[in-house]
Every structure is written in C-alpha cells, then in structure tokens.
Amino acid sequence: MPRSVRVRLFATARLAVGRAVLPWPVPEHGLRARELVAALEQAYPRLAPTLRGSRFLRNDRYLRDLDETLRPGDEFAVHPPYGGG
Amino acid sequence: MAVRLTRRPLTLAEAERRLRARPGGAVVVFAGRVRRDRRRGSSVVALEYEVDRVPALARLRALERAARRRFGASELVLWHRLGRVRVGEVAVVVGATCPHRVEAFDAARYLIDELKTTVPIWKEERGRPVRRPPRRRARPGVRSAGSGRAP
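Residues numbered from 1 in each chain as written. Chains lettered and ligands numbered in written order. Predicted model: local features only at pLDDT ≥ 70, side-chain atom pairs only at ≥ 80, totals over all residues. Heavy atoms only, no water.

Peer 1: Hey, could you run me through the packing of aromatic side chains in this one?
Peer 2: On inspection of all chains with the given rule, the structure shows four aromatic pairs over all chains. For the ring pair Phe10 of chain A and Trp122 of chain B, a centre distance of 4.9 Å and an interplane angle of 15° mean the geometry is stacked. Residue Phe10 of chain A is found in the loop between β1 (4–9) and α1 (11–17), and its partner Trp122 of chain B is found in strand β7 (residues 121–129); the two belong to separate chains. The residues Phe10 of chain A and Trp122 of chain B share a single accessibility class, namely buried. Each ring, one from Phe56 of chain A and one from Phe76 of chain A, has its centre 5.5 Å from the other, and the planes form 15°; the classification is stacked. With a gap of 20 residues between them, Phe56 of chain A in strand β4 (residues 55–58) and Phe76 of chain A in strand β7 (residues 75–79) connect regions that are remote in the sequence. Of the aromatic side chains, those joined through ring pairs into one cluster are Phe10 and Tyr82 of chain A together with Trp122 of chain B. One cation-aromatic arrangement involves Arg4 of chain B over Trp79 of chain B; the distance from NZ or CZ to the ring centre is 4.0 Å. (Phe/Tyr/Trp six-rings, centres within 6.5 Å; stacked < 30°, edge-to-face > 60°. Helix = DSSP H or I, 4+ residues; strand = E, 2+ residues; numbered from the N terminus. Buried < 20%, exposed > 50% of the residue type's maximum accessible area, 1.4 Å probe, protein only. Lys NZ or Arg CZ within 6 Å of the ring centre and 35° of its normal.)

The structure is reproduced here in structure tokens:
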C-alpha cells in the first residue's frame, strides 16, 4: 500500500500546477483534508485562489468538511467551479 | 440512455426520437451549441470539455431521478459532449417528455441549470489569435478621426 494520497486536479487547478495527478505523502497518523489543502497552497501559490473556490472529494464522494482524515491509497479530487454546457 | 457523457456528436434528432417514444403530451428539447466568441483578443474555434466521470455520472443520474419525481417526466435526456467540440457543434442536450407543456419546459430548464452548476464538467477555450489591422500612427498635430470621447 502506498503511503500517499493521489491528488487529482481539474481545469484551473490542473493548469495552476501543470499536472493532473500528484502523489502526496501521508504521515503515520493520517492527513486531514484541511492539512492537505494548506500544504498544496504552500507548495503551489498559484493554486491558492482556485482552492478557495473549489469543492473537494475523497474517493469520488464530496467532503462534508475538511476535518476528514485521508488515508494512504485515498484519492483526493480538487473541483474548481463547474462550467459545463 | 437518459444519461450520456460522450466524445461522439450529439444530435437533436436522436434526442427527439428517444423522447417521442414515451407517452406524454409535451416534449421539450434544448441543445447548447459552441459559439464563436471574439472577446479577449482571440477567436474561439472550439471548446475542450473535461470531466470527473464517476461523480459526474452519479450527479446526472440523481438529476434524472429528481426530474422524474418533480415534473412527472416519462422520459428524459441529459447528454454532454467531452473532448474537443468545434464552433457550431452541439455540446449539450437536455429534454423531457411530460404530461403537459409547463412541466416539460420546467423540467428542461431545471436540467440545464443544474447540469451547468452541479455536474463536474469544465470547458477550456481553444482559439487562434485574431488578426487585427496594424494601427496607423497619427501624425503630430493631426487628430485621427474617431479618437477621443464622443461629446
């Protein structure tokens, strides 16, 4: 089992980072979604404005709040505002 | 299928066939096409659509169930193109077969509004730069026509 989460980035989030997928290391005690978002902001300052307006999913389910703990092997998706149609 | 995410062209005729095959006095179909937009100094020739497929399909199916319940629809379509869609092509089709026109219009409106704001689909413009004629330099002391503000 990898000791990382798979961060999936879409649309403006992908453009800000330059990649669609990022592996992100998870410490022994787990990683709260809030901590991951803060770490992403720090690592990719251009991503910060997009993160503030985004929704987040863990394993294809919308997070109710950012206190959920992510485990190794989880997928964490960043959804900027939608624009279909 | 009532719900579809596809790289293939969408046609109104196919949507209409599906909607007319079910009972109901009113059929409403809406198609959204890619339009040319010359803002921001570029000419859009296509839109590139991106999706997070699993949650998008889950949300489209939830919209289908909600529309059947709320508007008494006997059939629905919620179709969206993915990948590159050129100007003039249909990017999205929604439609409803309902007992009466009010419900059918309301259902189609509900589906397109919800689809645009709650389904994880994004678009990015693909264009080419607009060629503008070179600016003529104004000669010193001569005001060029049309410069300045209107009185």
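Okay, back to it.
Peer 1: How do you make sense of the sheet that holds strand β5 (residues 61–62) of chain A when you look at a structure like this?
Peer 2: Strand pairing in a sheet is mediated by backbone hydrogen bonds. Such pairs are either parallel or antiparallel. Residues and elements named next belong to chain A. Strands sit in the order β2-β1-β7-β4-β5 across an open sheet of five strands; the sheet is mixed. Edge positions in the sheet fall to β2 (21–25) and β5, since each has one partner strand and no second. Relative to β2, β1 is paired through five bridges, and the arrangement is antiparallel. Along β2, the bridge assignment pairs Ser4 with Pro25. Contacting β1, β2, β4 and β7, helix α2 (residues 33–43) runs over the sheet at an angle of about 115° to β2. (Pairing = 2+ DSSP bridges. Contact = heavy atoms within 4.5 Å. Axes fitted to C-alpha atoms, helices over the stretch in contact; angles between N-to-C directions.)

Peer 1: Before we go on, may I ask you to explain a nonpolar patch on the surface in this structure?
Peer 2: Residue and element names in this part refer to chain B. Residues Leu12, Val27 and Val29 make up a contiguous nonpolar surface patch of roughly 200 Å² in combined accessible area. Mapped onto the secondary structure, Val29 falls in strand β2 (residues 26–33). A relative accessible area of 30% places Val29 in the partly exposed class. (Patch = residues over 30% accessible without salt bridge, like charges linked within 9 Å, V, L, I, M, F, W, Y side chains within 5 Å. Areas by Shrake-Rupley, 256 points an atom, 1.4 Å probe, with all protein chains shown as cover. Salt bridge = Lys/Arg side-chain N within 4 Å of Asp/Glu carboxyl O.)

Peer 1: Even after reading the chapter, I still don't get the interface of chain B and chain A, so can you show me in this structure?
Peer 2: Interfaces are often sized by the amount of accessible area the parts lose when they come together. Facing 18 residues of chain B, the contacting portion of chain A comprises 18 residues. Across the chain B/chain A interface, buried area totals approximately 1400 Å², and carbon plus sulfur atoms make up 49% of it. Taken as a group, Glu50, Asp52 and Trp122 of chain B account for 39% of the area that chain B buries against chain A, more than any other trio of residues on that side. The partner of Arg14 of chain A in a salt bridge is Glu50 of chain B, with the nearest N and O atoms 2.8 Å apart. Counting across the interface, chain B meets chain A through 14 residue pairs in polar contact (both at pLDDT 80 or more). Breaking the side of chain B that touches chain A down by element, the ones donating at least two residues are β3 (42–51), α2 (53–71), α3 (101–118) and β7 of chain B. Taken together, the residues that form the side of chain B that touches chain A break down as 10 nonpolar, three polar and five charged. (Buried area = accessible area lost by both parts, 1.4 Å probe. Polar contact = N/O pair within 3.5 Å; in protein donor to acceptor, adjacent residues only side chain to side chain. Nonpolar A, V, L, I, M, F, W, Y, C, P; charged D, E, K, R; others polar.)

Peer 1: How should I be thinking about α2 of chain B in this particular structure?
Peer 2: Each turn of an α-helix holds 3.6 residues, which means side chains three or four residues apart point in the same direction. Residue and element names in this part refer to chain B. For α2, with 19 residues, the first-to-last C-alpha span of 26 Å sits near the 27 Å given by 1.5 Å per residue. All of the buried residues in α2 are Pro55, Ala56, Leu57, Leu60, Leu63, Glu64, Ala66, Ala67 and Phe71. Once α2 finishes, Gly72 follows within two positions and takes phi at roughly 65°, a positive value. (Expected span 1.5 Å × (residues − 1).)

Peer 1: Explain a positive patch on the surface to me, please; I cannot follow it from the model alone.
Peer 2: A contiguous patch of positive charge on the surface is contributed by Arg61, Arg65, Arg69 and Arg70 of chain B. Mapped onto the elements, Arg65 of chain B comes out in helix α2. (Lys, Arg positive; Asp, Glu negative; His and termini not counted. Charge placed at Lys NZ, Arg CZ, Asp CG, Glu CD.)

Peer 1: Whenever I open this one, the packing of α2 of chain B against α3 of chain B confuses me. Can you help?
Peer 2: To describe two helices that pack against each other, one gives the angle between their axes and the distance between the axes. All names here are of chain B. One way to put it is that α2 packs onto α3 with a least axis distance of 10 Å and a crossing angle of 155°. The orientation of α2 with respect to α3, classified from their angle, is roughly antiparallel. Considering only the axes of α2 and α3, their crossing is right-handed. Residues Arg59, Leu60, Leu63, Ala66, Ala67, Arg70 and Phe71 of α2 form the contact with α3, whose own contacting residues are Glu103, Asp106, Ala107, Tyr110, Leu111, Glu114, Leu115 and Thr118. Its residues assigned to classes, the contact of α2 with α3 comprises nine nonpolar, one polar and five charged. (Parallel < 35°, antiparallel > 145°, perpendicular 65-115°, else oblique. Left-handed = near helix turned anticlockwise from the far one by under 90°.)

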